[in-house]
Protein chains: 2
Amino acid sequence: MTSDHNFVLTCPIPIQQYPTVLLAHGGGGKLMHQLIESMFVPAFSNQTLNVRHDAAAIALKGQNLAFTTDSYVVRPLFFPGGDIGSLAVNGTVNDLAMVGARPLYLSVGFILEEGLPMETLWQVVQSIAQAARAANVQIVTGDTKVVDRGKGDGIFINTSGIGIIEHPQTIAPQSVQPGDVVILNGDIGRHGIAIMAVREGLEFETTIASDSAPLADQVLQLLTAGIEIHCLRDLTRGGLASALNEIAGAAGVEIAIVETQIPVQAEVQGACEILGLDPLYVANEGRFIAFVPEQDAERALDIMRTYNRTTDPITYRVDNQDQVNTRSLDHSNMVPCIIGRVTGKSAGIVKMESRIGAQRIVDMLSGEQLPRIC
Amino acid sequence: MTSDHNFVLTCPIPIQQYPTVLLAHGGGGKLMHQLIESMFVPAFSNQTLNVRHDAAAIALKGQNLAFTTDSYVVRPLFFPGGDIGSLAVNGTVNDLAMVGARPLYLSVGFILEEGLPMETLWQVVQSIAQAARAANVQIVTGDTKVVDRGKGDGIFINTSGIGIIEHPQTIAPQSVQPGDVVILNGDIGRHGIAIMAVREGLEFETTIASDSAPLADQVLQLLTAGIEIHCLRDLTRGGLASALNEIAGAAGVEIAIVETQIPVQAEVQGACEILGLDPLYVANEGRFIAFVPEQDAERALDIMRTYNRTTDPITYRVDNQDQVNTRSLDHSNMVPCIIGRVTGKSAGIVKMESRIGAQRIVDMLSGEQLPRIC
């Protein structure tokens, strides 16, 4: 397919259109998708990679392992609700959780910039250690590189993770079926907006904190309870909209969601309006969607609600886009919730019934909305 | 030990002495060692990490896995004998090989700088794919981040790897015993000098090429042949001298090596003299040392020679340091070779008998010799 015969092949990305790498190539949207699909997957092609899931599922001498990697380049390093250290643990733990694995071991690779204050490194290291204890994973191997001043940006961290899959289910886009309901475990947009608020110097009545959190426990609880889980996906770069599109595409289905069912914290909604962002595309670090058969949905919701209870006012947008009036409710036991369902086979379409009753196509993130949010 | 009780602890690196991260903190020498020993290991402490080996050995439901990570920040991206892509595969494969594991799966995490030519990325991707095929490993999961122009340096790559340990031996510093011989698989210094020659614009009669190569096959052959391997270590950052010191320290032994037994390619020796470098400290990417009992040494050498045959002229320095006359021999079947032995228990000392018969202590690399060579 690629250089199996040592042919020098033409670059699969149209060079005239994209002569260089853009920020959007890492943004979780269309350009990143193109890079993965046209360049990486064909070049590295194998059965495991081709599944295109958050973590690779590996069968090894009778054991089913999950293996995943993520680099973290978030800016600033510290933000309300977290920092690059806890993010690097939670993000990778969550990728393992998204195949239903029990996270066990992490590696940590630092790329430090010459001149980084030693105290900053120490704070990040403590945060990694604390987050690893909270997520019940061990850091068993590591690496440290230092690059010259001006060739990095403080700290970049790679964490890779190994987990064990102890259930017989195939949690993957390919298992998604028409009739499945889509459950969202909480309100969306906090992480991206928390980062942007710091960067832009925005102040709100209360500080918007990242939702960064480990998700493995609640996924394992769902599995232990015998819930049939068809697919899981955490809503990081590209947000809910991109995650839905990725799964719709990989599963070959149409997904219909209902806008008024999607919870957004009131201040996040306000910040999105100020910043001209759509919360559907804003990154989260403690939110995921689960595809389950309708008959398992209520039991799944009951379990997920024990983990995601909130007393923050949650907003469901009810009016038209030009005149957004939000009603704040105490949804302390109303999130997580069902936000939509799989309506049939298709080439991969996500539709949303808007608050005024109209249907529109929800596309994958185009361009770069929020660079370096993870 | 660290923040188990959520105490805010003092930074374990003396801030007055090292207020910021220096290039040497990633150089493989004393400062990196201090960072690992005072900060990372105590903060992340667990039984597996504390072994301090190239890869973590993990017992998982009856299987023994190896897990390792490395980030690659080499500059320039392309050099004689390799590039950042093949290096990222070989380096991680070799870390797995150093615990005697069969490398199976790699992750690849890219941190790209905005503005990187797409063709450059494509070349690196092809090189990764080719090196993975050569090393018989699959790339099963990946990640791509893009940082703004001026906040990275073209391409950084993290590869993490999983291997399986199919032998019952404990290949680790703790298994090293007095009486063990130290075998080196080839001439040293090529990789670091190949990189430096490009950076400094040095030209030699023949181009010095990196020794970058996957080592797992020959290690597995040694194991299959029933060689008792006590420890293995690849000679990357900090070179042979630092690897010997790390093992001597972790094993609590004294190691004595003989300078005239250490092969160096004639042109590498010449370049080292021009650059004021000691080949003992120069990084390699296809060289390793093996600690084996004396009775297994000849059989080990026979196997290793089938993998490391060279027709390049190899130099053994024979005169005094002020007046180096090298004798070039056809050592096509003389490398690998025994370079020394473990002479007793100690706090961790490496001694070298020099070419004039004197003994000197060989210390760990101090400061930063060659930044960003891997």
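If you're wondering where the values come from, they're calculated on a predicted model, not measured in any experiment. Numbers given to residues run from 1 along each chain, matching the order in which its sequence is written. Going through the entries in the order they are written, you letter the chains from A and number the ligands from 1. Only residues with pLDDT of at least 70 get local features here, since the model is predicted, and only at 80 or more are side-chain atom pairs given and counted; chain-wide, interface and lining totals rely on the full set of residues. The basis for the side-chain values is all heavy atoms of the structure; hydrogens and waters are excluded.

**Structural notes on the relation of the copies chain A and chain B**
In step 1: Only residues with pLDDT of at least 70 in both copies count here: their C-alpha atoms drive the least-squares fit that superposes the copies. Once turned by 180° and shifted 0.0 Å along the axis, chain A lies on chain B with an RMSD of 0.0 Å. Such a combination of rotation and displacement between the chain copies is what one expects of a two-fold axis. Within chain A, Gly 152 of chain A has its C-alpha nearest the rotation axis, a separation of 2.2 Å.
In step 2: Contacts between residues were defined by any pair of non-hydrogen atoms, one from each residue, lying within 4.5 Å. Both copies present the same face, since 100% of the interface residues in chain A are matched by interface residues at the equivalent positions in chain B.

**Focus: the environment of Met 32 of chain A**
In step 1: Every helix listed is a DSSP run of H or I at least four residues long, and every strand listed is a run of E at least two residues long, numbered separately from the N terminus. Mapping Met 32 of chain A onto the fold places it in helix α1 (residues 30-44).
In step 2: For the pair Met 32 of chain A and Val 350 of chain A, spaced 318 residues apart in sequence, the C-alpha to C-alpha distance is 19 Å.
In step 3: Those residues in contact with Met 32 of chain A that lie beyond four places of it in its chain are Ala 24, His 25, Gly 26, Gly 27 and Arg 237 of chain A together with Thr 144 of chain B.

**Here's the deal with the pattern of salt bridges**
Residues and elements named next belong to chain A.
In step 1: Any Lys or Arg side-chain nitrogen found within 4 Å of a carboxyl oxygen on Asp or Glu counts as a salt bridge. Taken as a whole and assessed by the stated rule, the structure comprises 38 salt bridges over all chains.
In step 2: A salt bridge links Glu 294 to Arg 341; its shortest N-O distance comes to 3.1 Å. Taken together, the positions of Glu 294 in helix α8 (residues 294-308) and Arg 341 in strand β15 (residues 337-345) put the pair 47 residues apart, joining distant regions of the chain.
In step 3: Think of it in three bands: with a 1.4 Å probe and only protein chains considered, a residue is buried below 20% of the maximum accessible area for its type, exposed above 50%, and partly exposed in between. You can call Glu 294 partly exposed: its relative accessible area is 47%.
In step 4: Take Arg 341: its relative accessible area is 31%, and that puts it in the partly exposed class.

**Notes on the domain arrangement of chain A**
All names here are of chain A.
In step 1: Here the limits of each domain have been adopted from an automatic or database domain assignment. Each assigned domain of chain A is listed here: domain 1 (56-165) and domain 2 (173-361).
In step 2: Between domain 1 and domain 2, the C-alpha centre-to-centre distance is 25 Å.
In step 3: At the junction of the two partners, domain 1 supplies 20 residues and domain 2 supplies 23 residues.
In step 4: Taken together, the two surfaces of domain 1 and domain 2 that pack against each other cover about 1,700 Å², and 65% of this comes from carbon and sulfur.
In step 5: Here the quantity called buried area is the accessible surface, traced with a 1.4 Å probe, that two parts lose on coming together, added over both. Contact with domain 2 buries area across many residues of domain 1, yet Pro 80, Asn 94 and Met 98 alone supply 34% of it, more than any other trio.

**Focus: the packing of helix α5 (residues 216-224) of chain A against α8 of chain A**
Helices that pack against each other are described as a pair by the angle of their axes relative to one another and the distance between those axes.
Residue and element names in this part refer to chain A.
In step 1: Viewed as axis vectors pointing N to C, α5 and α8 meet at an angle of 155°, and their least axial separation amounts to 10 Å. Judged by the angle between their axes, α5 and α8 are roughly antiparallel. Handedness of the crossing formed by α5 with α8: right-handed. In contact with Asp 217, Gln 218, Gln 221 and Leu 222 of α5, α8 contributes Ala 300, Ile 303, Met 304, Tyr 307 and Asn 308.
In step 2: In this count, Pro and Cys sit with the nonpolar residues alongside Ala, Val, Leu, Ile, Met, Phe, Trp and Tyr, while Asp, Glu, Lys and Arg are called charged and the others, Gly among them, polar. Grouping the amino acids of the contact of α5 with α8 by side-chain chemistry returns five nonpolar, three polar and one charged. Every angle, taken between N-to-C directions, lies between 0 and 180 degrees, and every axis is a line fitted to C-alpha atoms, over only the stretch in contact when it is a helix. Working rule for angles: under 35 degrees goes down as roughly parallel, over 145 as roughly antiparallel, 65 to 115 as roughly perpendicular, anything else as oblique. By convention, the crossing between two helices is left-handed when the near helix turns anticlockwise from the far helix through less than a right angle, and right-handed when the turn is clockwise.

**A few points about the interface of chain A and chain B**
In step 1: Taken together, the contact between chain A and chain B spans 92 residues of the former and 92 residues of the latter.
In step 2: For chain A, the biggest contributors to the area lost against chain B are Val 21, Met 118 and Trp 122 of chain A; these three give 10% of the whole.
In step 3: For the pair chain A and chain B, the interface holds twelve salt bridges.
In step 4: In this structure, the salt-bridge partner of Asp 153 of chain B is Lys 151 of chain A, at a minimum N-O distance of 3.9 Å.
In step 5: Polar contacts here mean pairs of N or O atoms no more than 3.5 Å apart (in protein, one a potential hydrogen donor and the other a potential acceptor; neighbouring residues in sequence count only if both atoms are side-chain atoms). Run the count over chain A and chain B and you get 27 residue pairs in polar contact (both at pLDDT 80 or more).
In step 6: Those elements that provide at least two residues to the side of chain A that touches chain B are α1, β1 (56-60), β2 (63-72), β5 (102-113), α3 (118-135), β6 (138-147) and β7 (155-164) of chain A.

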